[in-house]
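Chains, contacts and geometry: an overview
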Amino acid sequence: EGMALPQRVLFPREEICMDWQQRQRPGAGLCNLGSTCYINVILQCLTYTPPLANYLLSRDHSQLCHQQGFCMMCIMEAHVRKVLHSSASVIWPRAVVRDLKFIGEEFEPDMAGDAYEFLRCALEAMQRACLSGSSEVDISSQTTTIIHQIFGGFLKSRVTCLRCQAVSDSYKAFLHVLLDIKAPSSLITALEDFVTSKKLDGKYCLKCSKCEKKVSASKRVTVHRVPKVFTVCLERAADHTGKKISKIVEYPEYLDLRPYMSDTAGEPLLYSLYALVVHSGDTCLDGHFFCYTKASNGLWYKMDDESVDNCGIHAVLRQQAYLLFYAR
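Residues numbered from 1 in each chain as written. Predicted model: local features only at pLDDT ≥ 70, side-chain atom pairs only at ≥ 80, totals over all residues. Heavy atoms only, no water.

You'll find the chain entered in an unreviewed UniProt entry as UBP42 hydrolase, with Eulacestoma nigropectus given as the organism.

As for the state of the cysteines
Enumeration according to the criterion identifies 0 disulfides in this entry. Among the cysteines around C71, which has no disulfide bond, C74 carries the closest sulfur, lying 3.7 Å off. According to the relative accessible area criterion, C71 is buried, its value standing at 4%. (Disulfide = S-S within 2.5 Å. Buried < 20%, exposed > 50% of the residue type's maximum accessible area, 1.4 Å probe, protein only.)

A few points about the nonpolar core
Formed by 65 residues in total, the largest nonpolar core has its most connected members in M73, F118, I147, V277 and L323. Here this core gets 11 residues from one element, more than from any other, and that element is helix 7 (residues 115-131). Dropping the residues within four chain positions of it, L323 is found in contact with I42, A115, Y116, L119, V232, C233, A275, L276 and V277. Residues I181, V223, Y260 and F290 belong to the second largest nonpolar core, which totals 35 residues. (Core = buried A, V, L, I, M, F, W, Y, C linked by side-chain atoms within 4.5 Å. Helix = DSSP H or I, 4+ residues; strand = E, 2+ residues; numbered from the N terminus. Contact = heavy atoms within 4.5 Å.)

Quick word on the packing of helix 1 (residues 37-47) against helix 7
Running from N to C, helix 1 and helix 7 point in directions that differ by 55°, and their axes come no closer than 9 Å. If you check the angle between helix 1 and helix 7, you find them oblique. The handedness of the crossing between helix 1 and helix 7 is right-handed. Between helix 1 and helix 7, the residues in contact are Y38, I39, V41, I42 and L46 and A115, F118, L119, L123 and M126, respectively. Each residue belonging to the contact of helix 1 with helix 7 can be placed in one class, and the counts come to 10 nonpolar, no polar and no charged. (Axes fitted to C-alpha atoms, helices over the stretch in contact; angles between N-to-C directions. Parallel < 35°, antiparallel > 145°, perpendicular 65-115°, else oblique. Left-handed = near helix turned anticlockwise from the far one by under 90°. Nonpolar A, V, L, I, M, F, W, Y, C, P; charged D, E, K, R; others polar.)

A short note on the pattern of salt bridges
Inspection of every chain in the model, using the stated rule, returns 6 salt bridges. A salt bridge links D169 to K156, with the shortest nitrogen-to-oxygen separation between them at 3.8 Å. Taken together, the residues D169 in strand 4 (residues 167-174) and K156 in strand 3 (residues 153-161) connect sequence positions 13 residues apart. Residue class for K156 comes out buried when judged on its relative accessible area of 9%. (Salt bridge = Lys/Arg side-chain N within 4 Å of Asp/Glu carboxyl O.)

Thoughts on the sheet that holds strand 6 (residues 198-200)
Overall, antiparallel pairing links the 4 strands, which are arranged 4-3-9-6 in an open sheet. Two strands bound the open sheet, and with one partner strand each, they are strand 4 and strand 6. Direction aside, neighbouring strands of the sheet carry axes that sit 30° apart on average. Examined bridge by bridge, strand 3 and strand 4 share 8 bridges and lie antiparallel to one another. Within strand 4, the position partnered with F154 by the bridge is A173. (Pairing = 2+ DSSP bridges.)

Quick word on the environment of F107
Looking at where F107 falls in the secondary structure, it is placed in the loop between helix 6 (100-103) and helix 7. Separated by 35 residues in the primary sequence, F107 and M72 have C-alpha atoms spaced 15 Å apart. The residues contacting F107, other than those within four sequence positions of it, are Y38, L100, E117, F118 and C121.

What follows is the structure, given as structure tokens:
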């Protein structure tokens, strides 16, 4: 509906397995190689994303990969296998740190970084790896890689002219959603804010194709197609100075995305929390990242660099969360 159909499907959606194919205790902790906690938390959250781990453990990617040099999918495949299958209690994520500049130009091996930025760049690097060797792929087909089939959804943006009521819709693929938490005190109110109509006037006026002039309009963004894994960043940067919003924002263990859809009628779209990243520190420019993940044995663990400690859901739901990962 209003969206171009892909000319080819690079990875069939029905081949994605959302349940762990192998159940086991949690894998190894990750050694901090000097200010790399922001990398470690994302590696752990991706390792415990069941559909991604299932795919990487199958070795399907590396068996067919012809890429010369850096390939983020091959690196992740080797990393996930090592974390989940080696008997070591701690491993060194050397390959990721070694190739940091290929993942994102802004990252330096000995400098602190931001976990959300690293997640963004890691997913994009994995997406590029999935597209290598598929030259001239149309935009719609690019959203059919394994990465988009797991993390990707579509947002619909509806702009209504407040003068003539003309409506124009546009669609945009996403791999994660950034939510404003300046006012909201819970994930639910932040999502409600996200899908509430915003008025565009003054310098934000848009040109209406019907009125043929700049007019006031209203814009409403909704989730048009849900992803298998819904990844949310709670924007904790108060401004550009690095000042941090340190309040607790409540988030549920189970989340229904149906109320935030373009079409709110129908069955609930239920998701369950399986990982989250916490930033501790007074400002966004310093501090430390750690995470909580649900292992394939169904139990929760606090993962703080080298240490992996069992914990309960009550501790998980009381954190000053920065990133939240929910699976269908």
